[in-house]
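Per-entry structural report
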Amino acid sequence: MYQKILVPVDGSFTSNLALQEAVKLAKKIGACLELVHVYEDAVYLVDENYFNYEELQKTIHDCGEKILTGAETIVEAAGIPVETRLIPSNNERIANILVEEARRWQAELIVIGTHGHSGFSRLLLGSVAEGVARIAPIPILLIRDTRD
């Protein structure tokens, strides 16, 4: 069975559902988790005349650390071995980064939340979970938003 499970976390509702599911699974089978947060570069989002780029990047980095720390606390409280990794996207596709991290860490399963976008919003926003599912060489457990 799975011994190493990678869980991308972004603080969203579906990400939290995926974390809860990964914790239940890891507890049941004795696996360890790696929590990963990929943060994006804000270079395309800011006009340096109005914003301090370094300060904005530090804020984005710090928010990623808080998301990881919160998720790590949940996993540790469940008594599950956990590692965390904060990764800058460096303008790479997040799905590619997550799959590469799964390879590096030798994960055997990825548990990821999906936002369930469809139609035009899916076309515009894309889906990190869908991208991971398309390219990952290991099994993926997709966790959907259960509120609908």
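A few points on the structure. Since the model is a prediction, treat every value here as computed from it, not as a measurement.

**As for the sheet that holds strand E1 (residues 4-8)**
Two modes of strand pairing occur in sheets, parallel and antiparallel, and in both the strands are linked by backbone hydrogen bonds. Spatial strand order, E3-E2-E1-E4-E5: five strands in an open sheet with parallel pairing. Looking at the sheet topology across the chains shown, the edges are occupied by strand E3 (82-88) and strand E5 (140-144). Direction aside, neighbouring strands of the sheet carry axes that sit 20 degrees apart on average. Two elements, strand E2 (residues 32-39) and E3, share seven bridges in a ladder whose sense is parallel.

**Quick notes on the pattern of salt bridges**
Once the charged atoms of two side chains with opposite charge are near each other, the side chains can pair. A complete count under the given rule lists seven salt bridges for this structure. Glutamate 101 is the partner of arginine 104 in a salt bridge, and the nearest nitrogen-oxygen pair spans 2.7 Å. Residue arginine 104 and its partner glutamate 101 are located together in helix H3 (residues 94-105), separated by three residues, close to a single helical turn. The class of arginine 104 is partly exposed, set by a relative accessible area of 45%. The class of glutamate 101 is buried, set by a relative accessible area of 4%. Put simply, Glu34, Arg85, Glu101 and Arg104 are held in one network by salt bridges that share partners.

**Examining the nonpolar core**
In this structure, Val7, Leu33, Leu35, Val75 and Val111 are the most contacted members of the largest nonpolar core, which totals 21 residues. When contributions to this core are tallied by element, the ones reaching two or more residues are E1, helix H1 (13-29), E2, helix H2 (53-77) and strand E4 (109-114). When residues in this core are grouped by element, the largest group, six residues, is from H1.

**Here we look at the packing of aromatic side chains**
With the rule as written, the count across this model stands at zero aromatic pairs. We note lysine 4 situated over the ring of tryptophan 105; from NZ or CZ to the ring centre the distance is 4.6 Å.

**Focus: H3**
Here H3 spans 16 Å end to end across 12 residues, near enough to the 16 Å set by a 1.5 Å rise per residue. Where H3 is concerned, the buried positions are Ile94, Ala95, Ile97, Leu98, Val99, Glu101, Ala102 and Trp105. Residues of H3 that are buried make contact with E1, E2, E3, E4 and helix H5 (128-135). A positive backbone phi angle near 65 degrees is found at glutamine 106, which sits one or two residues after H3.

**Concerning the packing of H3 against H5**
Where H3 meets H5, the closest approach of the two axes is 8 Å, and the angle between their N-to-C directions is 50 degrees. Relative to H5, the element H3 is oriented oblique. Between H3 and H5 the crossing geometry is right-handed. Across the interface between the two elements, Ile94, Ala95, Asn96, Leu98, Val99 and Arg103 of H3 pack against Val128, Gly131, Val132 and Ile135 of H5. In terms of residue class, the contact of H3 with H5 is made up of seven nonpolar, two polar and one charged.

**Thoughts on the pairing of E2**
For E2, the tally of buried residues reaches eight of eight residues, placing the bulk of the element in the interior. Where burial is concerned, the two faces of E2 agree: the one with Cys32, Glu34, Val36 and Val38 and the one with Leu33, Leu35, His37 and Tyr39 are both buried. Of the pairings in the sheet, the one linking E1 to E2 comprises five bridges and is parallel in character. Counterpart to isoleucine 5 in the pairing with E2 is leucine 33.

Conventions we followed
- Residues numbered from 1 in each chain as written.
- Predicted model: local features only at pLDDT ≥ 70, side-chain atom pairs only at ≥ 80, totals over all residues.
- Heavy atoms only, no water.
- Pairing = 2+ DSSP bridges.
- Helix = DSSP H or I, 4+ residues; strand = E, 2+ residues; numbered from the N terminus.
- Axes fitted to C-alpha atoms, helices over the stretch in contact; angles between N-to-C directions.
- Salt bridge = Lys/Arg side-chain N within 4 Å of Asp/Glu carboxyl O.
- Buried < 20%, exposed > 50% of the residue type's maximum accessible area, 1.4 Å probe, protein only.
- Core = buried A, V, L, I, M, F, W, Y, C linked by side-chain atoms within 4.5 Å.
- Phe/Tyr/Trp six-rings, centres within 6.5 Å; stacked < 30°, edge-to-face > 60°.
- Lys NZ or Arg CZ within 6 Å of the ring centre and 35° of its normal.
- Expected span 1.5 Å × (residues − 1).
- Contact = heavy atoms within 4.5 Å.
- Parallel < 35°, antiparallel > 145°, perpendicular 65-115°, else oblique.
- Left-handed = near helix turned anticlockwise from the far one by under 90°.
- Nonpolar A, V, L, I, M, F, W, Y, C, P; charged D, E, K, R; others polar.

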